[in-house]
Amino acid sequence: MIKSLRGMNDILNEEDSKRFTHFIETATQIASRYGFHYIKTPLLEETALFKRSVGESSDIVGKEMYQFIDKGENDVCLRPEGTAGVVRAFIQNKLDRAGGTQRFFYHGAMFRYERPQKGRLREFHQFGVESFGVESVYEDAQMIMMVADILRELGVGFRLQLNSLGCKECMPPYRDNLVAFIESVEDEICEDCQRRKSTNPIRVLDCKNEKCQSLYENAPKLLNSLCQSCDEDFEKLKKILNANSIRYEIDTNLVRGLDYYSKTAFEFVSDNIGSQSAIAGGGRYDRLVEFLDGRPTPAVGFAMGIERLLELIEMPQNSREGYFLGAMDDEAVDLIISLTQAKRKTDKASCDYRARNLKNHLKAADKMNARYCCVIGSNELENQAIWVKDLENKSEETLSIKDF
Ligand code: HAM
């Protein structure tokens, strides 16, 4: 028997697929209210795109990409995340020259060759948004408020962690200070951190090794090294969040696993799903458009991990909905089909293609959670009528086909 690849799941049981669609519908509706519109980019892109954006030194690019040479000898990759493709599309379609603000949302599969475990898949789905052209920190706050709105609407509790990663003015001197600190404890840190020291030193700060973590408690803090502009923006962001009742924790070790961020970085975590607790992450990436050969354009965005959210979502009460139609006589099947089609113009409706007895139709209607079970037997057919039972309040009536 051929099975799906490790870390790649089917979503097919009714409960999960309902949750999945409910998530996409809710997030889409909220993103649209915030003025974002749908963008689709390919699942496959040139490997160079991810190397240049997510960063050669990141775990994603270094260890986790589904990278291969295609039949035309192109070096390609299944996308490990959505931002790089959206930025590529933004530049390729000359939107960086159009000016103004452009806001997009997307959802779809992402691929990372990680060690699968609960909440960590090799193919997973994200819902993400990207906003281009706004330098103001109010936009960062809007992103955070949008995630909070989506999570609240879905009944998902969260903690918000916040940091600032500085900009091209304040990050380099901080990095030098941090490297000097790492060198002072070099003999005691793990091999990964020793490697990170030369590839991407700030990534040592989110090392999961306990010994490293305790050593880094004494490391210089980026938040104490921000330039005036980054510091003012971060203070302003906190003020906006306070004014809008969004609680947050400052996490000076929150550096994110992708290299393109500057200034605001944030993560939403859940305490109810085990060790893979990040349910959304994002931040500002003001230099990425320029870095990928576009015109300098400020940008900010986030992505939510749909699989991690599925078990946390509170589904709305399952009330009966729509129509189930059935024939009790072969002669009535065609009429049942056309009436079902007519009902579908305004309501949810399904039907049985076979003539069956009343008990079977009632059972099927109940199973589908239909509000009305509607049946035509030979009597009804003769009178051009249909028998309708309201399965919620148990009333029954016979209506003319026309009235139905
Ligand atoms: P990220 O933090 O790498 O950010 O991923 C966002 C979310 O995707 C995570 O918080 C998590 O919920 C989910 N996720 C990541 N990896 C896995 C996995 N292996 N299995 C299941 N879920 C996973 C980004 O991808 C950025 N592109 C977000 C962004 C958009 N920043 C700016 N704009």
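The structure reproduced in this document is the subject of the present report. Everything numeric in this text was worked out from a predicted model, so none of it was measured.

Bringing the overall build of the chain into the picture now. A count of helical and extended segments in the chain gives 14 helices and 16 strands. What you see for the chain is a C-alpha radius of gyration of 27 Å, clearly larger than the 22 Å of a compact globule of 404 residues, by over 25%. Across its three principal axes, the chain shows a C-alpha extent of roughly 90 × 55 × 45 Å. Per-residue burial for the chain yields a buried fraction of 51% across its 404 residues. At a minimum sequence separation of 6, the contacts of the chain that also span at least 24 residues come to 69%. Approximately 20800 Å² of the chain is accessible, and the part contributed by carbon and sulfur atoms is 45%. Measuring between centres, the 55 positive side-chain charges of the chain sit 1 Å from its 64 negative side-chain charges.

Let's shift gears to the site of the ligand. Residues in contact with the ligand amount to 27 residues; listed here are only the nearest, Glu-81, Glu-114, Glu-130, Tyr-261 and Ala-278. Gly-305 places a main-chain nitrogen or oxygen 3.3 Å from an oxygen atom of the ligand. Protein coverage of the free-state accessible area of the ligand, which is 670 Å², stands at 96%. At the level of elements, strand S6 (123-132), strand S10 (278-284) and strand S11 (299-305) are the ones that each hand at least two residues to the shell around the ligand. With six residues, S10 is the largest single contributor of residues to the shell around the ligand.

What follows is about the sheet that holds S10. Taken in spatial order, the eight strands make up an open sheet running S1-S5-S6-S11-S10-S9-S7-S8, and their pairing is mixed. In the strand order of this sheet, the two ends are held by strand S1 (37-38) and strand S8 (249-250), each with one partner. Two strands pair when backbone bridges link them, and S6 and S11 are joined in this way by seven bridges, in the antiparallel orientation. Looking at the pairing, Ser-131 lines up with Val-300 of S11. The sheet strands contacting helix H9 (residues 228-243) are strand S7 (159-164), S8 and strand S9 (262-269), and the helix crosses S7 at an angle near 160°.

Our focus in this paragraph is the nonpolar core. Grouped together as the largest cluster of nonpolar side chains are 97 residues, with contacts concentrated most on Phe-23, Tyr-216 and Phe-268. Looking at which element gives the most residues to this core, the answer is helix H5 (residues 137-153), with ten residues. Those residues within four positions of Tyr-216 in sequence are excluded, and the remaining contacts are Phe-181, Ile-189, Cys-193, Val-204, Leu-205, Cys-207 and Lys-221.

Evaluated as defined, the whole model comprises 24 salt bridges. A salt bridge links Glu-15 to Arg-19; the nearest nitrogen and oxygen atoms lie 2.9 Å apart. Highlighted residues: Glu-15 and Arg-19, both in helix H1 (residues 14-33), separated by four residues, approximately one helical turn. For Glu-186, the salt bridge identified is with Lys-197, shortest N-O distance 3.3 Å. Note that Glu-186 is positioned in the loop between helix H6 (171-184) and helix H7 (191-199) and Lys-197 in helix H7, a separation of eleven residues in sequence.

Before going further, it helps to examine a nonpolar patch on the surface. A cluster of nonpolar side chains, contributed by Leu-43, Leu-44 and Phe-68, occupies part of the molecular surface with about 240 Å² of accessible area. Structurally, the position occupied by Phe-68 is in strand S3 (residues 66-69).

Let's shift gears to the packing of helix H2 (residues 47-55) against helix H4 (residues 83-92). Where H2 contacts H4, the two axes come as close as 9 Å, and the packing angle between them is 110°. Classified by the angle between their axes, H2 and H4 sit roughly perpendicular to one another. Contacts between H2 and H4 pair Leu-49, Phe-50 and Ser-53 from the former with Ala-84, Gly-85 and Arg-88 from the latter. Split by residue class, the contact of H2 with H4 holds three nonpolar, two polar and one charged.

All right, on to the packing of H5 against H9 then. It is the contact of H5 with H9, at a shortest axis distance of 9 Å, that shows an interaxial angle of 40°. Comparing their axes, H9 and H5 come out oblique. For the pair H5 and H9, the crossing hand works out as right-handed. Of the residues in H9, those in contact with Val-137, Tyr-138, Asp-140, Ala-141, Ile-144 and Met-145 of H5 are Asp-233, Lys-236, Leu-237, Ile-240 and Leu-241. Of the residues assigned to the contact of H5 with H9, the class counts are eight nonpolar, no polar and three charged.

Our focus in this paragraph is the sheet that holds strand S13 (residues 349-355). Spatially, the five strands line up as an open sheet ordered S13-S12-S14-S15-S16, and their pairing is mixed. Edge positions in the open sheet fall to S13 and strand S16 (396-400), since each of these has one partner strand only. The average angle at which neighbouring strand axes cross in this sheet is 20°, direction not considered. As paired elements, strand S14 (residues 372-376) and strand S15 (residues 385-390) share four bridges and run antiparallel to each other. Residue pairing in the sheet places Cys-373 in a bridge with Lys-389 of S15. Strand contacts of helix H12 (residues 333-343): strand S12 (323-327), S13, S14 and S15, with the helix running at about 175° to S13, the strand carrying the most contacts.

What counts, and where the lines are drawn
- Residues numbered from 1 in each chain as written.
- Predicted model: local features only at pLDDT ≥ 70, side-chain atom pairs only at ≥ 80, totals over all residues.
- Heavy atoms only, no water.
- Helix = DSSP H or I, 4+ residues; strand = E, 2+ residues; numbered from the N terminus.
- Rg over C-alpha atoms; globule rule 2.2 N^0.38 Å.
- Buried < 20%, exposed > 50% of the residue type's maximum accessible area, 1.4 Å probe, protein only.
- Contact = heavy atoms within 4.5 Å.
- Areas by Shrake-Rupley, 256 points an atom, 1.4 Å probe, with all protein chains shown as cover.
- Lys, Arg positive; Asp, Glu negative; His and termini not counted.
- Charge placed at Lys NZ, Arg CZ, Asp CG, Glu CD.
- Near = heavy atom within 4 Å.
- Polar contact = N/O pair within 3.5 Å; in protein donor to acceptor, adjacent residues only side chain to side chain.
- Pairing = 2+ DSSP bridges.
- Axes fitted to C-alpha atoms, helices over the stretch in contact; angles between N-to-C directions.
- Core = buried A, V, L, I, M, F, W, Y, C linked by side-chain atoms within 4.5 Å.
- Salt bridge = Lys/Arg side-chain N within 4 Å of Asp/Glu carboxyl O.
- Patch = residues over 30% accessible without salt bridge, like charges linked within 9 Å, V, L, I, M, F, W, Y side chains within 5 Å.
- Parallel < 35°, antiparallel > 145°, perpendicular 65-115°, else oblique.
- Nonpolar A, V, L, I, M, F, W, Y, C, P; charged D, E, K, R; others polar.
- Left-handed = near helix turned anticlockwise from the far one by under 90°.

Geometric values such as these leave the question of function open.
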